[in-house]
Amino acid sequence: MTNLVEKTDVAIKTDVLCELKYEPSIKATDIGVLVKDGAVTLTGYTVSYGEKRRAVRAAKRVAGVKAIANDIEVKLPSLLNITDGDIAVAVAHHLDCSTVIPTDSVKATVREGWITLEGEVKWWYQKNVAEQILQHLSGVKGVSNLIVIKPQLAKAEVETAIKSAFKRNALLETNQIHVEIAGNEVVLRGAVQNYAEVEEAERVAWSAPGVFSVDNQLTVKEFSLIE
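Definitions and limits used
Residues numbered from 1 in each chain as written. Predicted model: local features only at pLDDT ≥ 70, side-chain atom pairs only at ≥ 80, totals over all residues. Heavy atoms only, no water. Phe/Tyr/Trp six-rings, centres within 6.5 Å; stacked < 30°, edge-to-face > 60°. Buried < 20%, exposed > 50% of the residue type's maximum accessible area, 1.4 Å probe, protein only. Lys NZ or Arg CZ within 6 Å of the ring centre and 35° of its normal. Helix = DSSP H or I, 4+ residues; strand = E, 2+ residues; numbered from the N terminus. Polar contact = N/O pair within 3.5 Å; in protein donor to acceptor, adjacent residues only side chain to side chain. Contact = heavy atoms within 4.5 Å. Expected span 1.5 Å × (residues − 1). Arc of directions from axis to C-beta. Salt bridge = Lys/Arg side-chain N within 4 Å of Asp/Glu carboxyl O. Pairing = 2+ DSSP bridges. Core = buried A, V, L, I, M, F, W, Y, C linked by side-chain atoms within 4.5 Å. 1 Å grid on protein atoms, 1.4 Å probe; cavity = no way out; pocket = protein on both sides within 12 Å on 5 of 7 lines; lining within 4 Å. Points joined across faces, edges and corners; volume = space filled by probe spheres on them. Nonpolar A, V, L, I, M, F, W, Y, C, P; charged D, E, K, R; others polar.

Engineer: Talk me through the packing of aromatic side chains; I want residue IDs and the actual numbers.
Structural biologist: On inspection of all chains with the given rule, the structure shows one aromatic pair. Between Trp123 and Tyr125 the ring centres are 6.2 Å apart and the planes differ by 45 degrees, which places this aromatic pair in the tilted class. Take Trp123: its relative accessible area is 32%, and that puts it in the partly exposed class. The partly exposed category is assigned to Tyr125, whose relative accessible area is 40%. In this structure, Lys75 packs its charged tip against the face of Tyr45, placed 5.0 Å from the ring centre.

Following this line, the structure appears as structure tokens:
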């Protein structure tokens, strides 16, 4: 007879460590992994903010992961002498050269290697791109994305657009996800099979025009089959 058994923390930790080692752009020996009740805590350090983000994405790919606490510290190489002014110049150049981000819609400030983005755009992907193009710049320790999204559609239109996108998505079990609209905030509720579905559902919700924020309350129910 087949029983459903939840994946153990030891198994999750082993798989996360293997996934980190499998990712060639990550120095896995500098990253520690703790797991409790399916929640993963990443510790240690990386030499760039981009590597830190890649480590988190690697952990999210592992079945059984229900949440991630990112305690990784960015430690720049000692020979890398980059000032906030140098970073600010590079940030301005990348924002100006982007064909996705409207001109003068995003402003950035830099303090001790940390970039803060502010401004207004019409789409979530524009907000997302603004952060993505900066996270790999030399000397960057982190990015705070405070860009806001201007409302575009009425509540009913936003809800319909999101639900339709969910139905088209082969990665989502749409009958397990409930969508609520409160103003320009989308609330996602329900239980899904893995962390990847949580991420995908949030990505889809953010992609609807006019969505100001997404409150992702989806939970993960991860089981493995044993005989």
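Here the narrative resumes, following the displayed structure.
Engineer: Describe the side chain of Asn145, naming the residues involved and giving the relevant values.
Structural biologist: Locating Asn145 in the fold gives a position in strand β8 (residues 142–145). At a separation of 3.0 Å, a polar atom in the side chain of Asn145 contacts the main-chain carbonyl oxygen of Lys127. Within polar-contact distance, the side chain of Asn145 engages the backbone nitrogen of Ile147 at 3.3 Å. Among residues more than four places away in sequence, those in contact with Asn145 are Leu117, Lys127 and Glu131.

Engineer: I'd love a proper account of helix α1 (residues 9–22), names of residues and values included.
Structural biologist: Under the 1.5 Å per step criterion, the end-to-end length of α1 is 20 Å for 14 residues, consistent within 8% with the ideal 20 Å. Regarding α1, the residues found buried are Ile12, Val16 and Leu20. Viewed along the axis of α1, the buried residues span an arc of 70 degrees, placing them on a single side of the element. Away from its buried face, by an angle of more than 90 degrees, α1 presents the exposed residues Val10, Lys21 and Tyr22.

Engineer: Hey, could you go over the pattern of salt bridges for me, with residue numbers and the actual values?
Structural biologist: Within the structure shown, the criterion is met by 10 salt bridges. Across the pair Glu19 and Arg61 runs a salt bridge whose closest N-O atoms are separated by 2.9 Å. Of this pair, Glu19 sits in helix α1 while Arg61 sits in the loop between α2 (49–60) and β4 (67–70); the two residues are 42 residues apart in sequence, bridging distant segments of the chain. Glu131 serves as the salt-bridge partner of Arg53, at 2.7 Å between the closest nitrogen and oxygen. Of this pair, Arg53 sits in helix α2 while Glu131 sits in helix α4 (residues 124–132); the two residues are 78 residues apart in sequence, bridging distant segments of the chain. Overall, the relative accessible area of 23% leaves Arg53 in the partly exposed class. Taking the relative accessible area as the measure of exposure, Glu131 reaches 12% and is therefore buried. Linked through salt bridges whose partners overlap, the residues forming this network are Glu19, Glu23 and Arg61.

Engineer: Please set out the pairing of strand β10 (residues 177–182) residue by residue, giving values where relevant.
Structural biologist: Only one face of β10 is covered, namely the one carrying Ile177, Val179 and Ile181; the face carrying His178, Glu180 and Ala182 has none of its residues buried. The hairpin turn running from β10 into strand β11 (residues 185–192), its antiparallel successor, is two residues long, and Gly183 in that turn takes a positive phi close to 65 degrees.

Engineer: Give me the lowdown on the nonpolar core, citing residues and values where you can.
Structural biologist: Core analysis: the biggest nonpolar cluster contains 40 residues, and Ile115, Ile162, Phe166, Val186 and Leu188 have the highest contact counts within it. Among the elements of the structure, α3 (84–97), β6 (106–111), β7 (114–121), α4, α5 (155–168), β10, β11 and α6 (195–206) are those that each provide at least two residues to this core. Once residues within four sequence positions are removed from consideration, Val186 is found in contact with Val158, Ile162, Val179, Glu180, Ile181, Ala205, Val211, Ser213, Val214 and Asp215. Val16, Ile31, Ala55 and Ile72 belong to the second-largest nonpolar core, a separate cluster that totals 18 residues.

Engineer: Go over the layout of surface pockets with me, naming the residues and quoting the values.
Structural biologist: In this structure, the largest pocket occupies an estimated 900 Å³ of space. Forming the walls of the largest pocket are 23 residues, and the residues nearest its centre are Arg53, Lys60, Asn128, Glu199 and Glu202. Grouping the amino acids of the lining of the largest pocket by side-chain chemistry returns seven nonpolar, five polar and 11 charged. If you add up the space inside the second largest pocket, you get close to 240 Å³. Taken together, 16 residues line the second largest pocket, and the ones lying closest to its centre are Ala92, Leu95, Asp96, Val106 and Lys107. The set of elements that each furnish at least two residues to the lining of the second largest pocket consists of α3 and β6. Split into classes, the residues belonging to the lining of the second largest pocket amount to nine nonpolar, four polar and three charged.

All quantities given are derived from atomic positions and should not be read as evidence of function.
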